[in-house]
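Inside the fold
If you want the building blocks of each chain, they are given just below.
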Amino acid sequence: MPEQYRALQGFKDILPEEQPYWRFIENTASEIASLYGYQRIETPLLEETSVFRRTSGEGTDIVEHEMYSFDDRADKEGRRQNISLRPEGTASVVRAYLEHGMFKMAQPVKLYYMSMPMFRRERPQAGRLREHHQFGCEALGESDPAIDAELIGMLYQIYTNLGLKNIRVNVNSIGDHNCRPQYIEKLKAYYEPLLAECCNDCQTRFSKNPLRLLDCKNPQDQAKIAAAPRITDNLCEPCQEHFDTVKRYLAFYDVPFEIDTLIVRGLDYYTRTVFEFTSEIDKVALNGGGRYDGMAEIFGGPHTPGIGFGVGIERVILELKRQGIVPPQRRNRAPLWPTLGRARK
Ligand code: HAM
């Protein structure tokens with residue numbers, strides 16, 4: 001097959017033999033999400049670039065290097081809009097929540113999206129696609145830590161119902177606009193004398209996105225990360241109380257979680273609770289999520305706390321296969337035209 005007729009690098013066909021895995025995840029996840037009161041939403045694949053740029057953050061890898069953005073054709077007045085293929089789902093859901101006045105409804109508004117394609121022009125490597133699909137849940141309009149625990153507990157139940165074992169639930173708090181700036185100053189003061197020995201990426205992160213220094217995977221920088229000040233030792237009182245309550249409720253939901261103070265997330269909109277579930281074997285993130293209490297205000301909307309997660313469906317399928325889990329057979333359906341069937345006999 002000539003090279004030009006292959007799917008683009010990082011893009012994948014989903015062949016018939018893969019379909020049972022997709023249906024298995026979609027059915028299990030949507031059934032449980034519905035039981036918890038989440039309703040389905042679908043948002044457009046294309047949005048104004050600023051929807052993502054302003055929420056994910058200028059210094060993030062997604063905004064700086066990975067978005068598929070382009071100028072649309074000019075309108076009648078000759079104006080061109082810069083638009084982007086969606087790299088993630090949360091900003092679009094919050095945009096839709098505000099656009100459709102959902103803040104006037106009873107809160108929280110609980111929404112889920114299923115198998116929505118996301119586009120990120122990542123460096124090609126195992127487990128990283130340029131088009132991937134997410135199942136996500138977003139609960140908007142509730143600041144009570146009980147919903148953080150409920151959401152994480154629900155997600156754990158989804159993995160359990162899929163039959164997955166040895167899933168690690170890693171939780172952290174990254175504080176809020178009160179305590180995080182002071183923590184970042186502390187982190188920078190710690191890193192400044194070490195910077196010359198740090199990798200190139202860390203040198204850039206130091207000025208652009210210091211929290212991401214903790215996310216460096218370079219072996220030479222691991223000892224520095226281990227000795228760095230921890231965000232959880234620097235939370236303000238309300239953030240500490242929120243985090244303590246989340247942990248207490250998670251125990252109530254019987255979720256076997258661990259605190260991982262290095263979870264900082266790759267998007268700038270997070271506040272307080274953040275979490276990732278990983279496969280115990282290869283430590284790959286199956287999902288990521290957290291609170292984003294300031295996002296609605298970025299769009300000019302009313303203060304609206306929110307929390308959610310996005311599950312990478314392709315990664316969950318890899319994990320199902322790795323654990324030897326076979327999707328259940330589809331139940332035999334009644335024939336669509338029973339009378340026709342009878343007539344043929
Ligand atoms: P995220 O961590 O960037 O979060 O992506 C969520 C999940 O999508 C990841 O944990 C991973 O499983 C999968 N994923 C991400 N990038 C790729 C890729 N290049 N190839 C394959 N799978 C990938 C978000 O997108 C947030 N919007 C999640 C969220 C919802 N936070 C609050 N609400």
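Reading guide: rules and limits
- Residues numbered from 1 in each chain as written.
- Predicted model: local features only at pLDDT ≥ 70, side-chain atom pairs only at ≥ 80, totals over all residues.
- Heavy atoms only, no water.
- UniProt positions renumbered as here; feature names shortened; annotations may be inferred.
- Pairing = 2+ DSSP bridges.
- Helix = DSSP H or I, 4+ residues; strand = E, 2+ residues; numbered from the N terminus.
- Contact = heavy atoms within 4.5 Å.
- Axes fitted to C-alpha atoms, helices over the stretch in contact; angles between N-to-C directions.
- Buried < 20%, exposed > 50% of the residue type's maximum accessible area, 1.4 Å probe, protein only.
- Phe/Tyr/Trp six-rings, centres within 6.5 Å; stacked < 30°, edge-to-face > 60°.
- Lys NZ or Arg CZ within 6 Å of the ring centre and 35° of its normal.

As annotated in an unreviewed UniProt entry, the chain carries the name Histidine--tRNA ligase and is attributed to Dictyobacter kobayashii. Annotation of the chain in UniProt includes, under Sequence similarities (unreviewed entry), the sentence "Belongs to the class-II aminoacyl-tRNA synthetase family."

**A look at the sheet that holds strand E1 (residues 39–40)**
Taken in spatial order, the eight strands line up as E1-E5-E6-E11-E10-E9-E7-E8 in an open sheet, and their pairing is mixed. Pairing within the sheet leaves two strands with one partner each, and these edge strands are E1 and strand E8 (257–259). Strands strand E5 (109–119) and strand E6 (131–140) of the sheet are contacted by helix H4 (residues 90–99), whose axis makes an angle of about 45° with E6.

**Remarks on unusual backbone geometry**
For the bond from Gln-107 to Pro-108, the omega torsion is 0°, close enough to zero to count as cis. Counting through the fold element by element, Pro-108 comes out in the loop between H4 and E5. Here Arg-272, not a glycine, exhibits a phi torsion of approximately 55°, which is positive. With respect to the helices and strands, the residue Arg-272 is situated in strand E9 (residues 271–279). Residue Arg-272 is classed as buried on the basis of its relative accessible area of 15%.

**A word on the packing of aromatic side chains**
A complete count under the given rule lists eleven aromatic pairs for this structure. Seen in terms of ring centroids, Tyr-112 and Phe-135 are 6.3 Å apart; in terms of plane orientation they differ by 65°. Their pairing is edge-to-face. With Tyr-112 in strand E5 and Phe-135 in strand E6, this pair connects stretches of sequence that are 23 residues apart. As far as the burial class goes, Tyr-112 and Phe-135 line up, both buried. Clustering of aromatic rings is evident, with ring pairs tying together Phe-11, Tyr-68 and Phe-119. Directly above the ring of Phe-206 sits Lys-188, whose terminal nitrogen or CZ lies 5.1 Å from the centroid. Its end group placed over the ring of Tyr-21, Lys-321 keeps NZ or CZ at 5.1 Å from the ring centre.

**Describing the side chain of Gln-134**
Its location among the elements puts Gln-134 in strand E6. The contacts of Gln-134, once residues within four sequence positions are left out, are Tyr-113, Met-114, Ser-115, Met-116, Met-118, Arg-120, Gly-310, Val-311 and Ile-313.

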